Amino acid sequence: MINTFSAFFMRRRNWTIPYVLFLAIFVVIPLLLIVYYAFTNDEGMFTFANFRKFMIHPEAINTFVYSVGIALITTILCLLLGYPAAWILSQARFNTSRTMVVLFILPMWVNILIRTLATVALFDFLNFPLGEGALIFGMVYNFLPFMIYPIYNTLQKMDHSLIEAAQDLGANPSQVFIKAVFPLSMPGVMSGIMMVFMPTISTFAIAELLTMNNIKLFGTTIQENINNGMWNYGAALSLIMLLLIGITGLFSNESSDSAYLMVKYLAKGYLWALLLLLYSPILIIMIFSFTEAKVLGNWTGFSTKLYSSLFAGNVQHSLVSALWNTFAIAMIAATVSTLLGSVAAIGIFNLKARARNAVSFVNNIPMLNPDIITGISLFLLFVSLGISQGLTTVVLAHITFCTPYVVLSVMPRLKQMNQNIYEAALDLGATPFQALRKVIFPEIRPGMISGFILAFTLSIDDFAVTIFTIGNEGLETLSTFIYADARKGGLTPELRPLSTIIFVTVLVLLIVINKRAEKAKRA
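Okay, so let's go over this structure. Quick caveat: nothing in here was measured; it's all calculated off a predicted structure. (Residues numbered from 1 in each chain as written. Predicted model: local features only at pLDDT ≥ 70, side-chain atom pairs only at ≥ 80, totals over all residues. Heavy atoms only, no water.)

### Things to note about the overall build of the chain
The following threshold applies: Only DSSP runs of H or I with at least four residues qualify as helices, and only runs of E with at least two residues qualify as strands; both kinds are numbered from the N terminus onward. For every residue, the accessible area obtained with a 1.4 Å probe (protein chains only) is divided by the maximum for its type, and the residue is called buried under 20%, exposed over 50%, and partly exposed between those limits. With residues, only the protein chains shown are counted as cover, and all accessible areas are computed by Shrake-Rupley using a 1.4 Å probe.
Along the chain, the regular secondary structure elements total 24 helices and zero strands. Here the chain holds 523 residues, and the buried ones make up 51% of them. Counting every atom, the chain has about 25,200 Å² of accessible surface; 66% of that belongs to carbon and sulfur.

In structure tokens form, the structure reads like this:
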């Protein structure tokens, strides 16, 4: 039996099987359940009534159209702001370090709801009204890094010899950009558009907080129907959103020295202006962590009482519990996702082209799906299987949407690896497990570490998937605690010093790591 098992896993393509089964259970079946509920009534009978209900209700259609409009405006603004930033970051002549790139991603380590509430405080401080303008600003603020990073990656890996060839043929800078740079960067642009458009059209918490619940988006409509037990109609609305995302996905795929210095300083100034945009709400959190005021934005004098209260343990038990739950779930989900995704990536890499494309397509679904669709589909799966929701379902849900990112992080390392060393290890008497642990894992370790960090970050920041899979047994994460706190009209003051400590700690660690990496690269 052991020999048979060992012989089966001698072939690396078979390592994909556990992950394929995982995808089938937690990705494919939940999506099929959305389709099933969308085309049935409460008695399980086939019907188009759910879609008919959507079509005859002007309010639902208007909300859908309005949400698409907000998503398009947000996506366009993110592209207009993000593309120049990505281009500047990718140009060696502007001397932008890897630390600068990290600074654009770092705000993601502060919980999205805390960032949004800080945006509310910023608008109050500036005496700007909350509403549609605040909503668009909040959307751009929260999702701008998702536009910058994929474009930056594409521009950085671009074949610059093609650009030099265009310049040698007499093209001016505008022609080089329009006919060479922009077309070559389109994969990153389309990835950025999808990564911004999808969460924007499906969000509900951001709209609720930034408009004082006065503006309803399509994601809010779906959430309300699911929460009110109207699962069939909610599934139909989810399917409509899913179809929109699917349709959108079809479309994805010489100066003087003084002038040069001016462009260089303007470019760096633009980056710092964007960083100011990204960090201004976080600065609000940090500043008001040094005052006793219970309301964020109300300054009552300098004080470190909130920090003393935090370290003395004089905080709500539910907040401490939510914090520990958040980190425990993130650690478990990131660890399992890293192991599962790394082994799966090895198997996928060794599949034949047709099978590899099929598995890769299913692997991409959790990344392309809006979080609300992933949350609802898994909610329907757990309900259909009679699984009570709680810690286990949240961890499974987080593993589901984290693992695909690990697969994508590991895959480039596999392409760079010498493919013969695994067979050499087996020829020298190593078992498949020994070859995996002592040969392959050391080769792909950088990709595994990147995947783990990304999975951990995504898990900590998640709200939409968690809210649908957490159940009503009293379990809370930081996101659900903040959401419930905000809906009651306030925010636990100790969250401000807690967020500040987490942010500063991560900032220092990432700067040290990147400085060391740059020093090692120069050496």
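Moving on from the model shown.
### Side note on the environment of Leu323
We count it as follows: Any two residues whose heavy atoms approach within 4.5 Å at even a single point are treated as in contact.
By the element assignment, Leu323 lies in helix H16 (residues 317–349). Taking relative accessible area as the criterion, Leu323 reaches 17% and is therefore assigned buried. Not counting the four nearest positions on each side in its chain, Leu323 is found in contact with Leu478 and Leu498.

### Quick word on the environment of Lys294
Take Lys294: it is sitting in the loop between helix H14 (257–287) and helix H15 (305–312). The spatial distance from the C-alpha of Lys294 to the C-alpha of Thr492 is 7.3 Å, given a sequence separation of 198 residues.

### What to know about the packing of helix H7 (residues 132–156) against helix H10 (residues 186–202)
For the record, the criterion: Axes here mean lines fitted to C-alpha atoms, for a helix over just the part in contact, with angles spanning 0 to 180 degrees between N-to-C directions. Any angle that is under 35 degrees is reported as roughly parallel, and any over 145 degrees as roughly antiparallel; angles of 65 to 115 degrees are reported as roughly perpendicular and all others as oblique. Each crossing gets its hand from how the near helix is turned against the far one by less than a right angle, where anticlockwise is left-handed and clockwise is right-handed. In this count, Pro and Cys sit with the nonpolar residues alongside Ala, Val, Leu, Ile, Met, Phe, Trp and Tyr, while Asp, Glu, Lys and Arg are called charged and the others, Gly among them, polar.
At a minimum axis distance of 7 Å, the contact between H7 and H10 shows a crossing angle of 160 degrees. Considering their axes alone, H7 and H10 lie roughly antiparallel with respect to each other. Considering how the two elements wind past one another, H7 and H10 form a crossing that is right-handed. Counted together, Met139, Phe143, Phe146, Met147, Pro150, Ile151 and Thr154 of H7 and Pro187, Gly188, Val189, Ser191, Gly192, Ile193, Met195, Val196, Pro199 and Thr200 of H10 form the full contact between these two elements. The class makeup of the residues in the contact of H7 with H10 is 12 nonpolar, five polar and no charged.

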